[in-house]
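What follows is the residue order along each chain.
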Amino acid sequence: MPKSWWDAVREIASMVVRDGLHQADEGMMRRVLLKSGFAEEEILQAFDWIDHAERSGNVLEALVMLAPRPDGIRVSHPMERMFVSDRVWQEIDRARQREVMNTDLAERLIEGIRALDTRDWEDDEVRSFIADVMADTCSGGDANRVERILKDQLPEFYS
């Protein structure tokens, strides 16, 4: 099946998310795409699209959404389990499974939570904390709206 410029964008997204490359590593990505069988024209169109997305200010979020999701489950480290309460784990996993939270955000959230002792937090404290963090990481985020999404009380305009 022939490859298109959109396939190249998805491959670039994978390199950024999976391999930690930056959009500035265009030369390296170009070489990988050429080796993968993409034509120069498709590669140019893909980078044009990324340039347009970058000007909108949301290129990283767009690439994260386009990158393939990793197969499998996340296995927590024993130290993480010791400092992060089961309720926090459950809420984060639930948000990830519902695709309200992407894997990258979940990992950053877990990394930050490890410094806190969340073992005695109540359900409402857990949900409120996660909603605040998610609202802060989203441009124009609203903690109340995020909390409603986490509680499965989606705003009317989502239905």
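Residues numbered from 1 in each chain as written. Predicted model: local features only at pLDDT ≥ 70, side-chain atom pairs only at ≥ 80, totals over all residues. Heavy atoms only, no water.

Quick look at the packing of helix H2 (residues 26–35) against helix H3 (residues 40–56)
Their axes nearest at 10 Å, the elements H2 and H3 cross at an angle of 140°. Relative to H3, H2 is oriented oblique. Once H2 is placed against H3, the crossing between them reads as right-handed. On the side of H2, the interface is formed by Glu26, Met29, Arg30, Leu33 and Leu34, while H3 contributes Glu40, Ile43, Leu44 and Phe47. (Axes fitted to C-alpha atoms, helices over the stretch in contact; angles between N-to-C directions. Helix = DSSP H or I, 4+ residues; strand = E, 2+ residues; numbered from the N terminus. Parallel < 35°, antiparallel > 145°, perpendicular 65-115°, else oblique. Left-handed = near helix turned anticlockwise from the far one by under 90°. Contact = heavy atoms within 4.5 Å.)

Things to note about the packing of aromatic side chains
Scanning the entire structure with this criterion turns up two aromatic pairs. Ring geometry for Trp5 and Trp6: centres 5.5 Å apart, planes at 80°, overall edge-to-face. Its relative accessible area of 30% is what places Trp5 among the partly exposed residues. Considering the side-chain rings of Trp6 and Trp49, the 5.2 Å spacing of their centres and the 90° angle between planes classify their relative orientation as edge-to-face. Residue Trp6 is located in helix H1 (residues 5–19), and its partner Trp49 is located in helix H3; the two are separated by 43 residues in the primary sequence. What makes Trp6 partly exposed here is its relative accessible area of 31%. Judged by relative accessible area, Trp49 falls into the partly exposed class, the value being 24%. Grouping aromatic residues by their ring pairs yields a cluster made of Trp5, Trp6 and Trp49. (Phe/Tyr/Trp six-rings, centres within 6.5 Å; stacked < 30°, edge-to-face > 60°. Buried < 20%, exposed > 50% of the residue type's maximum accessible area, 1.4 Å probe, protein only.)

Notes on the nonpolar core
Counting residues in hydrophobic clusters, the biggest one holds 19 residues, and the most contacted among them are Ile12, Met15, Met29, Leu33, Phe47, Ile50 and Leu63. Every element with two or more residues in this core is listed here: H1, H2, H3 and helix H4 (59–66). In terms of residue count, the dominant contributor to this core is H1 (six residues). In this structure, Ile92, Ala106, Leu109 and Ile113 belong to the second largest nonpolar core, which totals 15 residues. (Core = buried A, V, L, I, M, F, W, Y, C linked by side-chain atoms within 4.5 Å.)

A closer look at the pattern of salt bridges
Inspection of the entire model under this criterion finds three salt bridges. Residue Arg30 is joined to Glu26 by a salt bridge in which the shortest nitrogen-to-oxygen separation is 2.7 Å. Highlighted residues: Arg30 and Glu26, both in helix H2, separated by four residues, approximately one helical turn. Given the relative accessible area of 29%, Glu26 is considered partly exposed. Among the salt bridges present, the one from Glu91 reaches Arg94, with a minimum N-O distance of 3.5 Å. (Salt bridge = Lys/Arg side-chain N within 4 Å of Asp/Glu carboxyl O.)

Topic: the confidence of the model for the protein chain
Caution applies to low-pLDDT regions: their predicted coordinates should not be interpreted in detail. Taken as a whole, the protein chain shows an average pLDDT of 76; of its residues, 75% reach a score of 70 or greater. Across the protein chain, the element-wise mean pLDDT spans from 68 in helix H9 (residues 143–150) up to 91 in H2. (pLDDT = per-residue confidence, 0-100.)

Here's the deal with a negative patch on the surface
A cluster of acidic residues, Glu41, Asp48, Asp51 and Glu54, forms a negative patch at the surface. If you trace the backbone, Asp48 turns up in helix H3. With a relative accessible area of 44%, Asp48 lands in the partly exposed category. (Patch = residues over 30% accessible without salt bridge, like charges linked within 9 Å, V, L, I, M, F, W, Y side chains within 5 Å. Areas by Shrake-Rupley, 256 points an atom, 1.4 Å probe, with all protein chains shown as cover. Lys, Arg positive; Asp, Glu negative; His and termini not counted. Charge placed at Lys NZ, Arg CZ, Asp CG, Glu CD.)

A word on helix H7 (residues 103–113)
An α-helix turns once per 3.6 residues; consequently, residues spaced three or four apart project the same way. Listed as buried for H7 are Leu105, Ala106, Leu109, Ile110 and Ile113. Buried residues of H7, viewed axially, fall in a sector of 135°; they line one side. (Arc of directions from axis to C-beta.)

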